[in-house]
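What the coordinates show
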Amino acid sequence: PVAFIVWFLVSALVVRLPQIGFKFTPQQLFWLAAMPGLAGGTLRLVHMFLTPMFGTRLVVSLSTLSLLIPLVGWFYAVQDPGTPYWMLMLLAFLAGLGGGNFSSFMPSTSLFFPKRLQGTALAIQAGIGNFGVSIVQFVTPWIIGFALMGGAAFMGDSQTLTKAGVQSQVYLQNAAAVMIPFTFVFGVSAWLMLKSVPVKANFAQQFDIFRSRHTWSMTSLYVMTFGAFSGLAATFPLLIKQIYGGFEGAPDPLAWAFYGPLVGSAARVVAGPLSDKLGGARVTHWAGLGMLASTVWVTTLTSPTGLASFPMFVAGMLTMFFFAGVGNASTFKQMPMLFEPRQAGGVIGFTAAIAAYGPFLFGMLFAASFGAFKSATPVFYGLAAFFAFNVVLNWWMYARRGAANPC
C-alpha cells in the first residue's frame, strides 16, 4: 500500500490547501491532482522493462526508497502558503513515483503462480496495494489534527485552517511525515527479503508483445477498469467539493471520498477467485455493464440544487468503484490466459502503465469541463460511451459463445 499512499497523497492534500491559505483556482487544483497520474503512467512504461532486465529485488527496493523524495518535499511545501505553484506541480509529479513502481512487482507476481491461481494472486496483491488510496484519504483528516512526536521543533509549526468561517490549527505536513519511516523500512526490507523473477529478457526482446492485437484490446479494457478506478479515486474529493461544496452545511470531501477506493479495492480482492472460477472475460463483461449503468445514473446527480441528492451521488459513485474493482481483477485474469508467462508479465506491466494515466486524464478532463461548462456532467457522458465500447469489445473478442480466444 505504501506506493499507492504516496501516489494518492496529493488527492488528500489538495482539498485542504485553499483552507490553509494557498490561493489556487479549481482548475489549478485539478491539475495538481492530475500530475501524479501523468508521472505514474510514464514511469510505469519504464518499470515494465526494468524487472526482467535487473530483477525484482534491485528495482523494487530502489524504487521504494525513491518515494522518500516526494514525501520529504511535501512535508516542507505545505508548511508555507507562499510555496510557488510550479514547485507544488513538481512535487505532485514526483508523487507519481509511487504509481510507477507498481509495474515492477505486478508482472513478477504473474510469473510465480500457475495460470489457474493467477486471478486470485494478482487480485490480492493489487487489491491490497489499492487499499493505500483509502488509507491516505481516511487517515489524513485525522493525522493532521495533532502534533506528532510531542510537537518537536523539527516536525514544523501548525497552520490555521479556515472552514465555513471557523478556524482551527492543523499540521498538514503530518500526512507526509507519518509515511517516511514506513517507506524507509519497506525499501530496506525489499532489498533484504525479495527474490527476483525467474525469467530474464533484454529490452528489445520485450517488444514482441506489441505485435499482438490482444495487447491493445486488453489495454483498452484495463483503462476502463483501473483507469477509471485510479482517475476517480484521485478526483473524487475535488468532485465532491466542486459539485456539493457550495451549499450550506456542505460535506467534508475527505469524510466520504475514501469510501470509493475502499469499495473498489475490496471488490478487486473478492473478484480474483471469482474470475478464476467463472473466467475473466465473463466477469469483465458484467463489470463493464455495471460501470456503464452506474455512470449513466451519476449523470443525473451532477447538477444538484441542494444536498438532498448527495447520498445518491455517493451511492452512484460507490457503485461505479465497485464494478471497476471487479473489472480490475477479471482483466488481470484474462492476460495470463492469452499470453505465455514472460509476455503476460510484459502485457500486465504495459496495460497497468497506460491505465495509470487515469488520474492525469481525469484531472485534466474535469478541469476542462468545469472551466468550459461549470459542470462535470460532460465527462461522465464521455465515460459512458467509452464503457459501452469496451463492453462490446470484450464480448466480441473474449466473452461471447464461439469467441476465438475465450479467457
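Each value, and the rule that gives it
Residues numbered from 1 in each chain as written. Predicted model: local features only at pLDDT ≥ 70, side-chain atom pairs only at ≥ 80, totals over all residues. Heavy atoms only, no water. Axes fitted to C-alpha atoms, helices over the stretch in contact; angles between N-to-C directions. Helix = DSSP H or I, 4+ residues; strand = E, 2+ residues; numbered from the N terminus. Parallel < 35°, antiparallel > 145°, perpendicular 65-115°, else oblique. Contact = heavy atoms within 4.5 Å. Nonpolar A, V, L, I, M, F, W, Y, C, P; charged D, E, K, R; others polar. Salt bridge = Lys/Arg side-chain N within 4 Å of Asp/Glu carboxyl O. Buried < 20%, exposed > 50% of the residue type's maximum accessible area, 1.4 Å probe, protein only. Phe/Tyr/Trp six-rings, centres within 6.5 Å; stacked < 30°, edge-to-face > 60°. Lys NZ or Arg CZ within 6 Å of the ring centre and 35° of its normal. Expected span 1.5 Å × (residues − 1). Arc of directions from axis to C-beta. Left-handed = near helix turned anticlockwise from the far one by under 90°. Pairing = 2+ DSSP bridges.

**Some thoughts on the packing of helix H14 (residues 259-278) against helix H15 (residues 280-299)**
Taken N-terminus to C-terminus, the directions of H14 and H15 make an angle of 125 degrees; their axes are 7 Å apart at the nearest point. Of the possible angle classes, the one that applies to H14 and H15 is oblique. Residues Leu274, Ser275 and Leu278 of H14 form the contact with H15, whose participating residues are Gly280, Arg282 and Val283. Broken down by class, the residue content of the contact of H14 with H15 amounts to three nonpolar, two polar and one charged.

**Considerations on the pattern of salt bridges**
Summed over the entire model, instances satisfying the criterion amount to three salt bridges. Linking Arg16 and Asp252 is a salt bridge whose minimum nitrogen-to-oxygen distance equals 3.1 Å. Of this pair, Arg16 sits in the loop between helix H2 (9-13) and helix H3 (26-54) while Asp252 sits in the loop between helix H12 (213-244) and helix H13 (253-256), placing them 236 residues apart in sequence. Lys163 is the partner of Asp252 in a salt bridge, and the nearest nitrogen-oxygen pair spans 3.8 Å. One end of the pair, Asp252, is in the loop between H12 and H13; the other, Lys163, is in strand E1 (residues 159-163), with 89 residues separating them in the sequence. On the accessibility criterion, Lys163 (34% relative accessible area) is partly exposed. Three or more residues joined by partner-sharing salt bridges are found here, namely Arg16, Lys163 and Asp252.

**Examining the packing of aromatic side chains**
Tallying each qualifying case throughout the model produces 34 aromatic pairs. Ring centres of Phe386 and Phe387 lie 6.4 Å apart, and the angle between their planes is 50 degrees; on these two criteria the pair is classed as tilted. Above the ring of Trp191, the side-chain terminus of Arg57 is found at 3.7 Å from the ring centroid. Here the basic side chain of Arg268 rests over the ring of Phe332, its NZ or CZ set 5.0 Å away from the ring centre.

**With respect to helix H11 (residues 180-193)**
Think of an α-helix as 3.6 residues a turn; residues three or four steps apart then line up on the same face. For H11, with 14 residues, the first-to-last C-alpha span of 20 Å sits near the 20 Å given by 1.5 Å per residue. What H11 keeps buried is the set Thr183, Gly187 and Ala190. Looking down the long axis of H11, one finds its buried residues gathered within 60 degrees of arc, a one-sided arrangement. Away from its buried face by more than 90 degrees, H11 exposes Leu192 and Met193. Looking at the packing, one finds that the buried side of H11 touches helix H1 (2-7), helix H4 (56-65) and helix H5 (68-77).

**Some points on the packing of H12 against H15**
Relative orientation of the contacting elements H12 and H15 amounts to 50 degrees, with a least axis distance of 11 Å. One element, H12, and the other, H15, form an angle in the oblique class. For H12 against H15, the interelement crossing comes out left-handed. Contacts from Met224, Thr225 and Ala228 in H12 reach Thr284, Gly288 and Met291 in H15. Of the residues in the contact of H12 with H15, the class split is three nonpolar, three polar and no charged.

**Remarks on the pairing of E1**
Pairing of E1 with strand E2 (residues 166-170) involves five bridges; the strand directions are antiparallel. Within E2, the position partnered with Lys163 by the bridge is Val166. In textbook terms, the turn of a hairpin is the stretch between consecutive antiparallel strands, and for E1 and E2 this stretch comprises two residues, one of which, Ala164, has a positive phi near 55 degrees.

**A look at H3**
Between its terminal C-alpha atoms H3 stretches 42 Å, which fits the 42 Å expected from 29 residues at 1.5 Å a residue. Two residues or fewer after H3 comes Gly55, characterised by a positive phi angle close to 95 degrees.

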